[in-house]
Amino acid sequence: MTREQYYAHLESAFPEFSASRHSVRHFNGPVSLEQIEQAVSLARNAPSACNRQHARVHCICDKEIREKVLSLQNGNRGFGHLADKLLIITADLHDIRWEEERNDLYTNAGIFLMNLCYALHANKVAHCLLNWSVSPFRDILLRKLVSIPDHETVICILACGDCPEQFSLAASPRKPVSEILTIHR
Ligand SMILES: Cc1cc2nc3c(=O)[nH]c(=O)nc-3n(C[C@H](O)[C@H](O)[C@H](O)COP(=O)(O)O)c2cc1C
């Protein structure tokens, strides 16, 4: 993939634009805070329950903190160190109204997260989602590095950077629609 090919569909209709976004695991150089701000601004279009807008984004610019955060995460070996910025996506527990809603925090943040991925792509920020499937102990270690309020739950991390002129992408083939869609008539 060349950089030109990767960003060739930014102005295309949604099917082509959507198909052109991929997780990038090769970074080369910085992305600006303006690009990140534009992307977060666009991601706000995501729907949320009662429009409570649960998602928050913590942008980590400092190299040393970035490396320490990545050392707590298990899926960035071989490329994490190339990232210019990390976005820690959280969701605000204040935006939950009753206990049965607690899992909806992940639904609301997940919808925001996908929209943020598209918005980053639209703003030429190459990115890779990084799971935050960790023990409470690791979560506490992260909070010692980055001042995330106690009332925010960490959802996911995005490694961000500029993409090189030429790079490889994981193919990540998709399941057929028949395996996903069940029509109940
Ligand atoms: C919640 C979540 C966690 C992920 N965690 C990681 C990770 O830790 N490391 C990684 O390299 N990719 C991670 N990914 C990226 C997926 O592997 C990738 O999205 C998937 O293979 C589909 O490829 P695509 O993003 O290029 O369409 C994660 C994706 C999601 C949605």
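Look up: the structure comes first, before these words.
These numbers come from a predicted model, not from an experiment.

**Q** Sorry if this is basic, but what is going on with the site of the ligand here?
**A** If you check the shell around the ligand, you find 13 residues, and the closest are Arg-21, Ser-23, Arg-25, Gly-75 and Arg-174. Within the backbone of Asn-131, a nitrogen or oxygen atom sits 2.9 Å from a nitrogen atom of the ligand. Ser-172 places a polar side-chain atom, nitrogen or oxygen, 3.2 Å from an oxygen atom of the ligand. Calculation on the ligand without its partners gives an accessible area of 620 Å², and the protein chains cover 66% of this total. Of the residues contributing to the shell around the ligand, the split by class is four nonpolar, six polar and three charged.

**Q** In this structure, what is going on with the packing of helix α3 (residues 33-43) against helix α5 (residues 104-122)? I would like to understand it.
**A** Two packed helices can be described by the angle between their axes and the distance between those axes. Where α3 contacts α5, the two axes come as close as 8 Å, and the packing angle between them is 135 degrees. With respect to α5, the axis of α3 lies oblique. As for the relative orientation of α3 and α5, their crossing is right-handed in sense. Residues Ile-36, Ala-39, Val-40, Leu-42 and Ala-43 of α3 touch α5, and the partners they reach there are Phe-112, Asn-115, Leu-116, Ala-119, Leu-120 and Ala-122.

**Q** Looking at this structure, I do not really get the packing of helix α4 (residues 63-71) against helix α6 (residues 136-145). What am I missing?
**A** At a closest axis distance of 10 Å, the pairing of α4 and α6 adopts a crossing angle of 175 degrees. For the element pair α4 / α6, the angle class is roughly antiparallel. Residues Ile-65, Lys-68, Val-69 and Ser-71 of α4 lie in contact with α6, whose contacting residues are Arg-138, Leu-142 and Leu-145.

**Q** How should the pattern of salt bridges be read in this particular structure?
**A** Once the charged atoms of two side chains with opposite charge are near each other, the side chains can pair. For the structure shown, the criterion picks out eight salt bridges. The partner of Asp-92 in a salt bridge is Arg-56, and the shortest N-O contact between them spans 3.3 Å. Of this pair, Asp-92 sits in strand β2 (residues 85-92) while Arg-56 is found in strand β1 (residues 55-60), placing the two residues 36 residues apart along the sequence. Given a relative accessible area of 6%, Asp-92 falls into the buried group. Judged by relative accessible area, Arg-56 falls into the partly exposed class, the value being 28%.

**Q** Just checking my understanding: could you explain the sheet that holds strand β3 (residues 126-131) for this structure?
**A** In space, the four strands of this open sheet follow the order β1-β2-β4-β3, with antiparallel pairing throughout. Each edge of the sheet is formed by a strand with only one pairing partner; in this case those strands are β1 and β3. Averaged over all adjacent pairs, the angle separating strand axes in this sheet is 25 degrees, with direction ignored. Sheet analysis places β3 next to strand β4 (residues 152-161), joined by six bridges and oriented antiparallel. If you follow Leu-130 over to β4, its bridge partner there is Ile-157. Across the sheet, α6 touches β2 and β4, and the angle it forms with β4 is around 65 degrees.

**Q** I keep staring at a nonpolar patch on the surface and nothing clicks. Help me out?
**A** Where nonpolar side chains cluster on the molecular surface, the patch consists of Val-177, Ile-180, Leu-181 and Ile-183 and spans about 430 Å² of accessible area. Turning to its location among the elements, Leu-181 is positioned in the segment after α7 (177-180).

Thresholds applied
- Residues numbered from 1 in each chain as written.
- Predicted model: local features only at pLDDT ≥ 70, side-chain atom pairs only at ≥ 80, totals over all residues.
- Heavy atoms only, no water.
- Near = heavy atom within 4 Å.
- Polar contact = N/O pair within 3.5 Å; in protein donor to acceptor, adjacent residues only side chain to side chain.
- Areas by Shrake-Rupley, 256 points an atom, 1.4 Å probe, with all protein chains shown as cover.
- Nonpolar A, V, L, I, M, F, W, Y, C, P; charged D, E, K, R; others polar.
- Axes fitted to C-alpha atoms, helices over the stretch in contact; angles between N-to-C directions.
- Helix = DSSP H or I, 4+ residues; strand = E, 2+ residues; numbered from the N terminus.
- Parallel < 35°, antiparallel > 145°, perpendicular 65-115°, else oblique.
- Left-handed = near helix turned anticlockwise from the far one by under 90°.
- Contact = heavy atoms within 4.5 Å.
- Salt bridge = Lys/Arg side-chain N within 4 Å of Asp/Glu carboxyl O.
- Buried < 20%, exposed > 50% of the residue type's maximum accessible area, 1.4 Å probe, protein only.
- Pairing = 2+ DSSP bridges.
- Patch = residues over 30% accessible without salt bridge, like charges linked within 9 Å, V, L, I, M, F, W, Y side chains within 5 Å.

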